[in-house]
Amino acid sequence: MSLTATAAAIRAEMVKTIRIYFSYPVIVVFWAIFPVLWVLPFLFQGKALVGSYDSAAFERLTGSGNYMAFILIGAMVSNFVFSGLWGVGNSLREETYWGTMEYIIASPTHPLVVLIGKTLAEAAVTTCIVALQATIISLLPFGISFTVAKVLPVLLLVALLMVGFYGFAIAFAGFTLLIKEAHGWVHTLEWVFFLFSPIRYPVQVNIITEFVSKLIPLTWALVAIRAIILLNQRDVGLWNIVGILLAMDAALLVGGYFTFVALERKTRRDGTVGMH
Amino acid sequence: MKEELTPALEVQSVVKNFRRGRGLKRKITRAVDGATLTLPRGELFGLLGPNGAGKTTLVRCIATLLIPDAGTIKVLGHDAFKDSLYCRQRIGLLTSGERTLYWKLSARDNLNFFAALYGLTGKARDRRIDYLIELLGLKEVERDRLERYSSGMKQKVSLARAILHDPELILLDEPSLGLDPQFARFIRQFIKDELNRKQGKTILLTTHYMDEADELCRRIAFINKGRIVNVKTPEQYKRDIPHTEVLEIRLQGQPDAAPLQALPGVERVASDFKDGVTTLKVVAPRAEAVLSEAIEHLRKGGRILGIDIKQPTLEDVFLYVTGTSLGADTAEHKPVAE
């Protein structure tokens, strides 16, 4: 396939994914509102425990006592990551449900090209949803404000974060082809990330979580994003973090590619490509 | 070899095993057992066998959806696995079952998507889709979501997808399965008149409908328990048992048919049990000669509902050659040692 034909296949996959996505409009409402509603009980729980929306103990660990803003930023970024992981990782599983997977595999287009189309479509939809969430949150009195000077480095960090996670999601898509299951794995992974990266709490509270969190790109991105948005810090070691994320992205993309190719071949050998 | 002389499809000694279960419960079943076929260009070839005979597995191997354990497959002289992109571009595939398309999209959107996977873009794609929508009578519903289509209409879209990229070799796996007679007739005519006669496409058609194979195919391969038993024209098959008759006995329950095989003159016996009724087919040179003894054996087994003596059809030839009725389910037929 030529580059033009590959680009056309990616575009066709994006159009298809977005058309099918919007044929169930309630999903958009769910992803836009649910993550915001979901964190509110934790905030109220925090207020009940601490007595206010500000905590001196929290400030000692993170530099800011505003744990509400800390959690909301974590919720937004993790929502970006998890919906991508879910969308891309589960996408080939959906194709097997629809009975279309075999026709994708039987075509001269590599299934990874289709997966790239799905990834870009997922990224576009998720970006719109998170932008909507960010707008809602910035209008509410949570102490979070977005300016162009803050948003640009944050966008760079989120983009780098997503590249790595999509590499991971591509490997995950290969696993779902093999194991025919996605829900349990996605939820398990979500809880692993919740535990070992500072989405809801500062990982410094525990030496093990602090150590493991350094292996997860989400940790590096969250630390920098919070420093920019919450602490208004200009010098956050942005380029060091960009370098770390780039290295992690390269490892995850290469690992994701080879894992997917190996698992796709195994399913063709086992005769389970179209099964679900 | 000159390109026009290269066969459209060469299948050589293909073996495909399926492994199921783990540890001590691990079982290996041989679904395709040394299949060999050659289809010259332009032939409409039938692969006929009961459910579970290995037809679909063989088609999936040819379509590169399954990697065989042994053997080679060549499409227009190119190895299907070493040169898979070349081969996939030249194969059109239609599998049985309604759920092979995006039901939330229209026929045109479905075809647009699959066209892109085959490198068709821009005006060439639009012209091709317009032509196929017109040809298959989908014009009025082309913008409706497929979830509103009947099974027959969905199969028309599947057929359009199979030929969207103008492939040289078309694999049709049970194309009329589950369709009402009107759509089944349309699909059969389209395959024979439009695709084979008019467009000269090479077609491999799998079916367990004898009439379909007889009506459409120039040559037919019998496949049973993963093995290709014979390849002949329908006329040759029928000539193979010219002096044979088929005694068909229908009776309630499931009688033991084994003693019938031992009767003098009986060549084959096949039994098919469905909805509480067993249909026994006894192949013999003169059915009348074995009739009374057969009834004597079966009387204790259940009430006899009907007896008929028939001239052999292609279905009976299949029974004669393989010892298996086409109505039988032969899946999980051949466990092999690991």
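Residues numbered from 1 in each chain as written. Chains lettered and ligands numbered in written order. Predicted model: local features only at pLDDT ≥ 70, side-chain atom pairs only at ≥ 80, totals over all residues.

## Considering the overall build of chain B
When helices and strands are tallied, chain B shows eleven helices and 15 strands. Taken over the C-alpha trace, chain B has a radius of gyration of 22 Å; the compact-globule value for 338 residues is 20 Å, and the two agree within 12%. Dimensions of chain B, computed from the C-alpha atoms along their principal axes, are close to 70 × 45 × 45 Å. Residue burial in chain B is summarised as follows: out of 338 residues, 46% are buried. Considering only contacts within chain B whose residues lie at least 6 apart along the sequence, 73% involve residues at least 24 apart. (Helix = DSSP H or I, 4+ residues; strand = E, 2+ residues; numbered from the N terminus. Rg over C-alpha atoms; globule rule 2.2 N^0.38 Å. Buried ≥ 20, exposed ≤ 12 C-beta atoms within 10 Å, placed from the backbone. Contact = placed C-beta atoms within 7 Å.)

## Some words on the overall build of chain A
What chain A contains, in helices and strands, is eleven helices and zero strands. From first element to last, N terminus to C terminus, chain A shows the α and β order α-α-α-α-α-α-α-α-α-α-α. Its C-alpha atoms give chain A a radius of gyration of 20 Å, near enough to 19 Å, the size a compact globule of 276 residues would have.

## Brief notes about the sheet that holds strand β13 (residues 277-284) of chain B
The strands that make up a sheet are held in pairs by hydrogen bonds between backbone atoms, and each pair lies either parallel or antiparallel. Residue and element names in this part refer to chain B. With antiparallel pairing, the four strands of this open sheet are ordered in space as β12-β13-β11-β14. In this open sheet, the two strands that pair with only one neighbour each are β12 (268-274) and β14 (304-310). The sheet shows a mean angle of 15° between the axes of neighbouring strands, direction not considered. Relative to β14, strand β11 (residues 245-252) runs antiparallel, the two sharing six bridges. By the bridge assignment, Arg250 is partnered in β14 with Gly306. Here helix α10 (residues 287-298) sits on the sheet in contact with β11, β13 and β14, set at roughly 20° to β11. Across the sheet, helix α11 (residues 314-322) is in contact with β11, β12 and β13; its angle to β13 comes to roughly 75°. (Pairing = 2+ DSSP bridges. Axes fitted to C-alpha atoms, helices over the stretch in contact; angles between N-to-C directions.)

## Side note on the interface of chain A and chain B
The interface is formed by 24 residues belonging to chain A together with 27 residues belonging to chain B. Put simply, the parts of the chain that give the side of chain A that touches chain B at least two residues each are α1 (3-22), α5 (101-105) and α11 (238-270) of chain A. Sort the elements by how many residues they give to the side of chain A that touches chain B and α1 of chain A lands first, with seven residues. The residue makeup of the side of chain A that touches chain B, split by class, is 13 nonpolar, six polar and five charged. (Nonpolar A, V, L, I, M, F, W, Y, C, P; charged D, E, K, R; others polar.)

## Re the domain arrangement of chain B
Structurally, chain B comprises domain 1 (3-233) and domain 2 (242-311). The C-alpha centroid of domain 2 of chain B is placed 37 Å from the C-alpha centroid of domain 1 of chain B. (Domains from an automatic or database assignment.)

## Description of the sheet that holds strand β10 (residues 227-232) of chain B
Residue and element names in this part refer to chain B. Ordered in space as β6-β7-β8-β3-β9-β10, the six strands form an open sheet in which the pairing is mixed. Strands at the two margins of the open sheet, each flanked by one partner only, are β6 (91-94) and β10. Neighbour-to-neighbour, the strand axes of the sheet open up by a mean angle of 15°, direction not taken into account. Along the sheet, helix α5 (residues 151-163) contacts β6 and β7 (169-173); its crossing angle with β6, the most-contacted strand, is approximately 165°. Sitting on the sheet, helix α6 (residues 181-198) touches β3 (44-48), β7 and β8 (202-207), and the angle it makes with β8 is about 160°.

## Topic: unusual backbone geometry
Most peptide bonds adopt trans geometry, and most residues besides glycine take a negative phi value. Residues and elements named next belong to chain B. Non-glycine residue Ser13 carries a positive phi angle of around 50°. Residue classification places Ser13 among the partly exposed positions, given that 13 C-beta atoms sit within 10 Å. A positive phi angle is found at Glu174, which is not glycine, with a value near 50°. Relative to the elements of secondary structure, Glu174 occurs in the loop between β7 and α6. Here Glu174 falls in the buried class, since 21 other C-beta atoms lie within 10 Å of it.

## Here's the deal with the nonpolar core
Ala221 of chain A together with Ile62, Leu171, Leu205 and Val282 of chain B are the most contacted members of the largest nonpolar core, which has 154 residues in total. In terms of residues, this core owes the most to one element, helix α4 (residues 67-98) of chain A, which gives 16 residues. Structurally, this core is a two-domain feature, drawing no fewer than three residues from each of domain 1 (3-233) and domain 2 (242-311) of chain B. Not counting the four nearest positions on each side in its chain, Val282 of chain B is found in contact with Leu247, Leu260, Val266, Val269, Val290 and Ala294 of chain B. (Core = buried A, V, L, I, M, F, W, Y, C linked by C-beta atoms within 7 Å.)

## With respect to the packing of helix α10 (residues 217-229) of chain A against α11 of chain A
Residues and elements named next belong to chain A. Packing of α10 against α11 brings their axes to within 10 Å, and their N-to-C directions diverge by 160°. With respect to α11, the element α10 is oriented roughly antiparallel. The two elements α10 and α11 meet at a crossing, and its hand is left-handed. Two secondary-structure elements touch here, α10 through Pro217, Trp220, Ala221 and Ala224 and α11 through Leu238, Ile241, Ile244, Leu245 and Met248. By residue class, the composition of the contact of α10 with α11 is nine nonpolar, no polar and no charged. (Parallel < 35°, antiparallel > 145°, perpendicular 65-115°, else oblique. Left-handed = near helix turned anticlockwise from the far one by under 90°.)

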